[in-house]
Amino acid sequence: MRDNKRVYTFGNGLAEGAADMRDLLGGKGANLAEMNRIGVPVPPGFTITTETCNEYFARGKDTLISLLSDEVMRAVHHIEALMGATFGDPTNPLLVSVRSGARASMPGMMDTILNLGLNDVVVEGLAKKTGNPRFAYDSYRRFVQMYGDVVLGMKPETKEDIAPFEEIIDRVKAQRGVRLDNELNVDELKSLVVLFKQEIKRRTGKDFPTDPMEQLWGAICAVFDSWMNERAILYRKMEGIPAEWGTAVNVQAMVFGNMGDTSATGVCFSRNAGTGENVFNGEYLVNAQGEDVVAGIRTPQQITLEGSRKWANQQGVDEEIRRTKFPSMEETMPEIYAQLNSIQDKLEQHYHDMQDMEFTVQDGKLWFLQTRNGKRTGTAMVKIAMDLLKEGQIDEKTAILRCEPNKLDELLHPVFDKEALAQARVLTRGLPASPGAASGQIVFFADDAAKWHEDGHKVIMVRIETSPEDLAGMTAAEGILTARGGMTSHAAVVARGMGKCCVSGAGALNVDYKNRTVEIDGVKLKEGDYISINGSTGEVYEGEVHTKAAELSGDFADLMTLADKYARLKVRTNADTPHDAQSARNF
């Protein structure tokens, strides 16, 4: 333990950490510090080190809290000073977010809590301070929901059930006759807080904590605990990440994307994570918080005008409807878009790699919450490496090292046969979230997908939206199909990282978990029926569609030529037929 320093602060252009401290501060903490240093607007905060995570498991929760207490209190005061607000103060409250961040990127695997520091008194102060009671109570119900889920373990009681808080929200929306969360009024949001707390008391026997420091320690410990949960262990096993690396905890001042129509939240990529194309892209939601985009609760809109028009073309939406109902950020917030575009370019030039970024717009001001080297498909991996080489951003050896050998296998995955596609019946179309072609039997639950796969079945996992608990099923499935969520949803990001075919945001899907059926525009399919999905176009087909071998791109050939230049090991192939011999020569 270096001088027993466990907490590193950042904010206002200064930081105790830097990009090269990734092992100690985790990827997110190191990049938050680095963004501060290079002038990117980042809410102030602090990072608790990955080494502290190992101490937590070795020495126990109570010991760790006593060791950390003074440093954490100093770091909270640091945020208070920079934000001009006080944690727990009912008249001028500071709220914080608590997020995980291991040294290796683990998108969607560990837990986040937003709006921490609210209670029945503070929420009234926030409403008065902002003059926006709807925003205050929307933030409060989100906090109780996230804290209840992450810290208090409020999960569905059976796999056929939806999450308990979502069930309550659906009930309140149905009573009012509205479809979206952001259509609920202040009184309904207040009633959600009461109903959520009642359900927490019923299920756990405990009252929801009201003391902000108690809330903060609960959240910090929950992030450390999430390092050892089932899905994180499975992901580490898949990616070869050692348990002893641990996760850092990042605590930041809240900035709010849910303050009204001049506020928004989004996720963006400096290049296309599916194809590798050098095109800035991403999604945003007006009057929302970050988890809305990733969780797929509302299907978001495109950031760029080009992306928006492409989306409309794929979804069969005419230009007038697109422009009025689903406009891009480039059209609705042109000044914010220009800043966002400039900063994403700056970050890619700084890190010399494709960046995956999260941002919030609060009342017309842009804040960056995260940047990391983006997960990408095998095809995108090769194209991005070769393009960055041609652009002079990286050298030849770096280009080779950027290409993971196990991901090159994805380039050999089959594609749909064009003749078979012409005969196939299109059921619906969603978003082409992760390219590829997949056919299989419908399953709705992660454990079933894993079991069916073990038994030799090819399966397509069909969900309303995915969550980190679905990881085992996503790993076993040939492809993933979701009713909700966009190109930056949990399903999309995790599928691309795995090289799995994924279609997200197929709004025509009506998924019934209890009866294990999905209805698509009048066609009812049950568990075990065959469907096919095209992750390159977003199309969903009835039945099995035949596939053929993939054709390799010119970038792959260029990479192989480059690899030969530096190779010191000769490779021979074992081929029993002329066809196999020709395939080997092609490589």
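The structure reproduced in this document is the subject of the present report.

Parameters at a glance
- Residues numbered from 1 in each chain as written.
- Predicted model: local features only at pLDDT ≥ 70, side-chain atom pairs only at ≥ 80, totals over all residues.
- Heavy atoms only, no water.
- Helix = DSSP H or I, 4+ residues; strand = E, 2+ residues; numbered from the N terminus.
- Rg over C-alpha atoms; globule rule 2.2 N^0.38 Å.
- Contact = heavy atoms within 4.5 Å.
- Areas by Shrake-Rupley, 256 points an atom, 1.4 Å probe, with all protein chains shown as cover.
- Salt bridge = Lys/Arg side-chain N within 4 Å of Asp/Glu carboxyl O.
- Buried < 20%, exposed > 50% of the residue type's maximum accessible area, 1.4 Å probe, protein only.
- Phe/Tyr/Trp six-rings, centres within 6.5 Å; stacked < 30°, edge-to-face > 60°.
- Lys NZ or Arg CZ within 6 Å of the ring centre and 35° of its normal.
- Core = buried A, V, L, I, M, F, W, Y, C linked by side-chain atoms within 4.5 Å.
- Pairing = 2+ DSSP bridges.
- Axes fitted to C-alpha atoms, helices over the stretch in contact; angles between N-to-C directions.

## Remarks on the overall build of the protein
- Scanning the protein for helices and strands turns up 23 helices and 26 strands.
- On C-alpha atoms alone, the protein measures out to a radius of gyration of 24 Å, which is about the 25 Å that the 2.2 N^0.38 rule sets for 587 residues.
- In terms of principal-axis extent, the alpha carbons of the protein reach across some 75 × 55 × 50 Å.
- A fraction of 66% describes how many contacts in the protein between residues 6 or more apart in sequence connect residues 24 or more apart.
- Element-wise, carbon and sulfur atoms account for 48% of the exposed surface of the protein, whose accessible area totals about 25400 Å².

## Concerning the pattern of salt bridges
- This structure, assessed with the given rule, holds 38 salt bridges.
- Ionic pairing is found between Arg59 and Glu55, a salt bridge with its closest N-O pair at 3.1 Å. With Arg59 and Glu55 both in helix H2 (residues 50-59) and four residues apart, the pair spans about one turn of that helix.
- Judged by its relative accessible area of 44%, Arg59 falls in the partly exposed class.
- Its salt-bridge partner being Asp353, residue Arg402 comes within 3.7 Å of it at the nearest N-O pair. A residue pair is termed long-range when its members are at least 10 positions apart, and Arg402 in the loop between helix H16 (396-401) and helix H17 (405-408) and Asp353 in the loop between helix H14 (334-351) and strand S12 (355-362) qualify at 49 residues.
- Given the relative accessible area of 25%, Arg402 is considered partly exposed.

## Thoughts on the packing of aromatic side chains
- For the structure on display, the rule yields twelve aromatic pairs.
- Centroid distance Tyr137 to Tyr140: 6.5 Å. Interplanar angle 50 degrees. Geometry classified as tilted. Taken together, the residues span about one helical turn, with Tyr137 and Tyr140 both in helix H5 (residues 133-150) at a distance of three residues. The exposure classification of Tyr137 matches that of Tyr140, with both residues buried.
- Between Phe143 and Phe208, the aromatic rings sit 5.6 Å apart at their centres with planes inclined by 85 degrees, giving edge-to-face as the arrangement. Residue Phe143 is found in helix H5, and its partner Phe208 is found in the loop between helix H7 (186-204) and helix H8 (212-226); the two are separated by 65 residues along the sequence. With respect to burial, Phe143 and Phe208 carry one shared label: buried.
- Joined through ring pairs, the aromatic side chains of Tyr56, Phe57 and Phe224 make up one cluster.
- Across from the ring centre of Trp227, 4.2 Å away, lies the NZ or CZ of Arg236, which sits over that ring.

## Side note on the nonpolar core
- Phe46, Ile48, Val72, Leu116 and Leu216 are the most contacted members of the largest nonpolar core, which totals 85 residues.
- With residues near it in sequence (within four places) discarded, Phe46 still touches Val7, Tyr8, Thr9, Phe10, Val72, Ala75, Val76, Ile79, Val249, Asn250 and Val251.
- With 25 residues, the next largest nonpolar core counts Val40, Val42, Phe280 and Val361 among its residues.

## Quick look at the pairing of strand S1 (residues 7-11)
- The buried count for S1 comes to five of five residues, which makes it a mostly enclosed element.
- Neither face of S1 is exposed, since Val7, Thr9 and Gly11 on one face and Tyr8 and Phe10 on the opposite face are all buried.
- The pairing of S1 with strand S2 (residues 14-15) spans two bridges and is antiparallel. Each bridged residue has a counterpart across the sheet, and for Phe10 the counterpart in S2 is Ala15.
- The hairpin turn running from S1 into S2, its antiparallel successor, is two residues long, and Asn12 in that turn takes a positive phi close to 60 degrees.

## With respect to the environment of Gly260
- Checked against the element boundaries, Gly260 lands in the loop between strand S8 (247-253) and strand S9 (264-269).
- According to the relative accessible area criterion, Gly260 is buried, its value standing at 16%.
- Spatially, the C-alpha atoms of Gly260 and Gln362 are 8.8 Å apart, while their sequence positions differ by 102 residues.
- The contacts of Gly260, once residues within four sequence positions are left out, are Val286 and Asn287.

## Concerning the environment of Glu404
- When you line up the elements, Glu404 lands in the loop between H16 and H17.
- Residues Glu404 and Val382 lie 22 residues apart in sequence; the distance between their C-alpha atoms is 9.2 Å.

## Structural notes on the pairing of strand S23 (residues 523-526)
- Only one face of S23 is buried: it carries Val523 and Leu525, and the other face, with Lys524 and Lys526, is open.
- One ladder, built from four bridges, connects strand S22 (residues 517-520) with S23; its direction is antiparallel. Paired with Thr517 across the two strands is Lys526, which belongs to S23.
- Between S22 and S23, which pair antiparallel one after the other, the connecting turn spans two residues, and Asp521 there sits at a positive phi close to 50 degrees.

## Regarding unusual backbone geometry
- Phi at Asn12 is positive, roughly 60 degrees, even though this residue is not glycine.
- Under the relative-accessibility criterion, Asn12 is labelled exposed at 63%.

## Brief notes about the sheet that holds S12
- Judged by pairing direction, the sheet is antiparallel, and its five strands sit side by side in the order S11-S10-S9-S12-S13 without closing on themselves. Each of the sheet's edge strands pairs with one partner strand only, and the pair in question is strand S11 (301-302) and strand S13 (365-373).
- Running at roughly 30 degrees to S13, H14 makes contact with S9, S12 and S13 of the sheet.

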